[in-house]
Amino acid sequence: MFQFGKKKTQTTQNYYELIDKNNIPKHIAIIMDGNGRWAKKRNMPRTFGHRAGVETIREVVKACSELGVKYLTLYAFSTENWKRPSEEVGALMNLLVEYLRAEVEELHKNNVIVNSIGDISKLPQICQDELKNAYEKTKNNTGLTLNLALNYGGRDEIKNVVKKIAQLIEKGELNSDQIDEELISKYLYTANMPDPDLLIRPSGEYRLSNFLLWQVAYTEFWFSNIFWPDFKREHLYQAIYDYQNRDRRFGGIK
Ligand code: FPP
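Keep in mind the model is a prediction, meaning the values are calculated, not measured.

1. Side note on the UniProt feature "active site" (unreviewed entry) in the protein chain
- Following the UniProt record, the feature "active site" (unreviewed entry) maps to D33 and N81 here. Judged by maximum C-alpha separation, these annotated positions cover 49 residues in sequence but sit close together in space, the widest gap being only 12.3 Å.
- Mapped onto the fold, D33 is located in the loop between β1 (27-31) and α2 (35-41).
- Residue D33 is classed as buried on the basis of its relative accessible area of 17%.

2. What to know about the packing of helix α3 (residues 46-67) against helix α8 (residues 233-244)
- At a minimum axis separation of 9 Å, α3 and α8 run at an interaxial angle of 45°. By the angle class used here, α3 and α8 are oblique. As α3 runs across α8, the sense of the crossing is right-handed. Seen from α3, the contacting residues are E59, K62, A63, C64, E66 and L67; seen from α8, they are R233, L236, Y237 and I240.
- In the contact of α3 with α8, the residues fall into six nonpolar, no polar and four charged.

3. What to know about α3
- Taking 1.5 Å of rise per residue, the 22 residues of α3 would be expected to cover 32 Å, and the 32 Å separating its terminal C-alpha atoms lies within 8% of that figure.
- Every buried residue belonging to α3 is among G49, H50, A52, G53, V54, T56, I57, V60, V61, A63, C64 and L67, and all of these are buried.
- Just downstream of α3, G68 is the residue with a positive phi angle, here 90°.

Parameters at a glance
Residues numbered from 1 in each chain as written. Predicted model: local features only at pLDDT ≥ 70, side-chain atom pairs only at ≥ 80, totals over all residues. Heavy atoms only, no water. UniProt positions renumbered as here; feature names shortened; annotations may be inferred. Helix = DSSP H or I, 4+ residues; strand = E, 2+ residues; numbered from the N terminus. Buried < 20%, exposed > 50% of the residue type's maximum accessible area, 1.4 Å probe, protein only. Axes fitted to C-alpha atoms, helices over the stretch in contact; angles between N-to-C directions. Parallel < 35°, antiparallel > 145°, perpendicular 65-115°, else oblique. Left-handed = near helix turned anticlockwise from the far one by under 90°. Contact = heavy atoms within 4.5 Å. Nonpolar A, V, L, I, M, F, W, Y, C, P; charged D, E, K, R; others polar. Expected span 1.5 Å × (residues − 1).

In structure tokens form, the structure reads like this:
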């Protein structure tokens, strides 16, 4: 398993230059982890770390857009994150609103589609409204699709698909032998999007935390010890460079 920090001789510039611009991953998914620990190290409240994490989002979105990545899915709030103290949940919701209000014009100018995945009907109304505004404004763009995963859980998503399919069968609109992987994918939040090619998790944790469970069947994983607020363009470039040097066989042989 590769960890950032081992190839100390490479510089920022090197990784950017080393990337094959004709083999950019179409879909990158990121578990933005380590905000709380980043803040704790500085004797600051956890929300300070989340605010710093938003700066990283800005930078990574720009970098992906410039590189021609088609989909960037950011894990911003999981179905389990409601267990956090209400002040932290509230601060995250406020940051989301602030981010959308401040960025949507710029994102639109840069041809980005602002989309969300997850059950956003449980988010505060103001978040839902801002997400809707952002989507409506940007939905006809043709560049990067930024998927904000909010109140998202992989198991919840799969459970919803099972329910949907069961209902179709009950209504006589589907036979069980018509159920295949394509049909399941069609009812996921990520319908019509390619599965992630690359999944990045910073902060030294090596788990999926209920993120895109169906979609990551053949995704390449990249881990790093760096906390999300310290994650810079060069880390993204390094992750892409490493991805490009993986041997993807999808269960087959060369
Ligand atoms: C995980 O770090 C991070 C989150 C649960 C929230 C991520 C949210 C943001 C970066 C900002 C808000 C989102 C948008 C789209 C504006 P952690 O708190 O679990 O860190 P720790 O593991 O160090 O405690």
